[in-house]
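Summary of structural features
So the chains spell out like this:
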Amino acid sequence: MANTYDLLIRNGKLATAEGTRDADLAVRDGRIAAIAPGLCGARREIDATGKLVVPGGIDSHTHIEQVSAFGIMCADDFHSATVSAAHGGTTTTISFAAQHRDMLIPEVLADYHRRAAEKAVIDYAFHLIVANPTGDTLDEDLPRAIAHGLRSFKLYMTYERLRLSDEQILDVLSVARAHGALTMVHAENHGMIGWLAGKMAGAGNVLPRYHAICHTRGAEAEAINRIIALAELVDAPVLVVHVSTVEGIDTIRKARARGLKVFGETCPQYLFLTAKDLDRGGLDGAMFCCSPPPRDEAAQQACWAGISDGTLEMYSSDHAPYRFDASGKLPKGEKTTFKDVANGVPGLELRLPLLFSEGVATGRISLEEFVKLSSTNHARTYGLYPRKGELAVGSDADIAIWDPAVKRTATASMLHDAVGYTPYEGRSISGWPVTVISRGDVIVHEGELHAERGRGRYLAREAADSARPAGLHVPEVSQLDAWDTPLSR
Ligand code: URP
Ligand code: ZN
Ligand code: ZN
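The structure contained in this document is the topic of the report that follows.

Procedures and definitions
The residue numbers shown here count from 1 along each chain, following its written sequence. Whichever chain is written first becomes A and whichever ligand is written first becomes 1, with later ones labelled in order. Whole-chain, interface and lining totals are the exception, using all residues; otherwise, since this is a predicted model, local features are given only for residues with pLDDT of at least 70 and side-chain atom pairs are given and counted only at 80 or more. With hydrogens and water stripped out, all remaining heavy atoms of the structure feed into the side-chain values. Any two strands with at least two DSSP bridges between them are considered paired. Strands here mean DSSP runs of E at least two residues long; helices mean DSSP runs of H or I at least four residues long; both are numbered from the N terminus. Counted as donors are N, O and S atoms no farther than 2.8 Å from the metal, or 3.2 Å for Na, K and Ca; water is not among the atoms, and sites may therefore look incomplete. Exposure is judged per residue with a 1.4 Å probe applied to protein chains only, and the accessible area is read against the type maximum: over 50% gives exposed, under 20% gives buried, and values in between give partly exposed. Polar contact criterion, stated in full: a pair of N or O atoms within 3.5 Å, where within protein one must be able to donate a hydrogen and the other to accept it, and residues adjacent in sequence count only if both atoms are side-chain atoms. Here, two residues are considered to be in contact whenever any of their heavy atoms come within 4.5 Å of each other.

Bringing the pairing of strand β1 (residues 5-15) into the picture now. Bridge count between β1 and strand β4 (residues 42-47): 5 bridges; the pairing is parallel. Each residue of the ladder has a partner; that of leucine 7, found in β4, is arginine 44. Examined bridge by bridge, β1 and strand β2 (residues 20-28) share 7 bridges and lie antiparallel to one another. Paired with leucine 7 across the bridge in β2 is valine 27. Between β1 and β2, which follow one another and run antiparallel, lie 4 residues. The pairing of β1 with strand β5 (residues 52-55) spans 2 bridges and is parallel.

Structure (structure tokens):
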């Protein structure tokens, strides 16, 4: 019989955001060519009996080969990060092309494109961090980036080197609205955190646990309220990244109930860690320092509830990889205070195994919800759907085959990133992606990598529904009458 297909996955249970079914899945020329029972005629077959066949994961919040707000280079480059992602069932990353204040955006973009093209083993896209929205940036650089398929920006309300004023945020939101881009926001009140940190450090309280104490729930809640108010003023969609608090989730929920286009993201560190993890002996707590910090059990429950009711549609790693030494987490060695610790935790490889184990295997979320959170919601929100995030004829054959029966214990040594530690050391994990396929190529099979450096492709993105304004009445600024606008009442 002629080989009609390049690859056939037989006897698996296929799961998408819509439901599950028992079927075979065939691949030709990197795309899904057929889904039906009883397919045959392929050059290679994989027997998926007893396994789950799902869309490859999309991790839409990753820091790769990026210099941080503290001026520290990440431990992972585009090779180690994407290899690590692939081993954890992720077939697309969206990472940041980061402008710092003295950098020109066209040069930033060219630099990230060059480095990723040389090294990535899975497909990738970028969000642009905008740290200096000058007139030229607003008039030319951002519209040009959007026209070339870079359809999301990240703005910071904190971090001295990156934060924007409310006026600057309004400027960027207005450009994003006009040109169909989505704005992601790191929402924490800079003044509240900095003031408290100064007081703590002044009193000699410098251990990592003071990081969590200074990044208060109120600092996140205030900034989320403010970014929603700013977005409402210009009717621009916003996505609040790494949401960690009961209050923040509630604020997003209420804004959505009012019809605003406000999206929310949470991350493994807010579901699986707490502030107690920062309170380990000596500087060990620095391994868990990220912003916002992990909170308490009530906040964890609120994150699960936000996931369940759709307030938090996005579940990303916020992989911010720093080694636990002077090159990363501890820039001043033993003298590092909580104010110096490089912010961020690794999570690219364990993001999905943790969610599968703690979500699907425990019955807390359904398989359909797992697929949405791991892949489909990211594709829809960031303009990659249906090319990515779907098992359908014509979609890229980006697929993860999960064995729900596999049991593993998370350790740093089994991971493929360049970090050297994991915040999830010792956790028992049920379920693992045993085969991972990117555009029809089997890139991970039974723990082995089969992917050449640089095989990953850049993904120019389409305008997504998420980037369309809600359609609120926003008067022209020149016509504003303080006593006669819907927003002033
Ligand atoms: O602590 C974190 N999240 N570090 C990474 C940078 C960021 O704010 O996303
Ligand atoms: Zn952030
Ligand atoms: Zn981040």
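Let us look at the coordination of the zinc ion (ligand 2). Taken together, Lys154 (NZ), His186 (ND1) and His242 (NE2) make up the full set of protein donors to the zinc ion (ligand 2), lying 2.1 to 2.3 Å away. Each donor residue of the zinc ion (ligand 2) lies on one chain, and together they are spaced K-x31-H-x55-H. Taken as a pair, the zinc ion (ligand 2) and the zinc ion (ligand 3) lie 3.8 Å from each other. In this pair, histidine 186 sits in strand β10 (residues 182-186) while histidine 242 sits in the loop between β11 (238-240) and α8 (246-257), placing the two residues 56 residues apart along the sequence. Each member of the pair, histidine 186 as well as histidine 242, is classed as buried.

Attention now goes to the side chain of histidine 63. With respect to the helices and strands, the residue histidine 63 is situated in the loop between β6 (57-62) and α1 (78-87). Residue classification places histidine 63 among the buried residues on the basis of a relative accessible area of 7%. A polar side-chain atom of histidine 63 sits 2.8 Å from a polar atom in the side chain of glutamine 66. Engagement of the side chain of histidine 63 in a polar contact is seen with the side chain of aspartate 318, the distance being 3.0 Å. Residue contacts for histidine 63: discarding those within four places in its chain leaves Cys74, Phe96, Lys154, Tyr156, Asp318, His319, Ala320 and Pro321.

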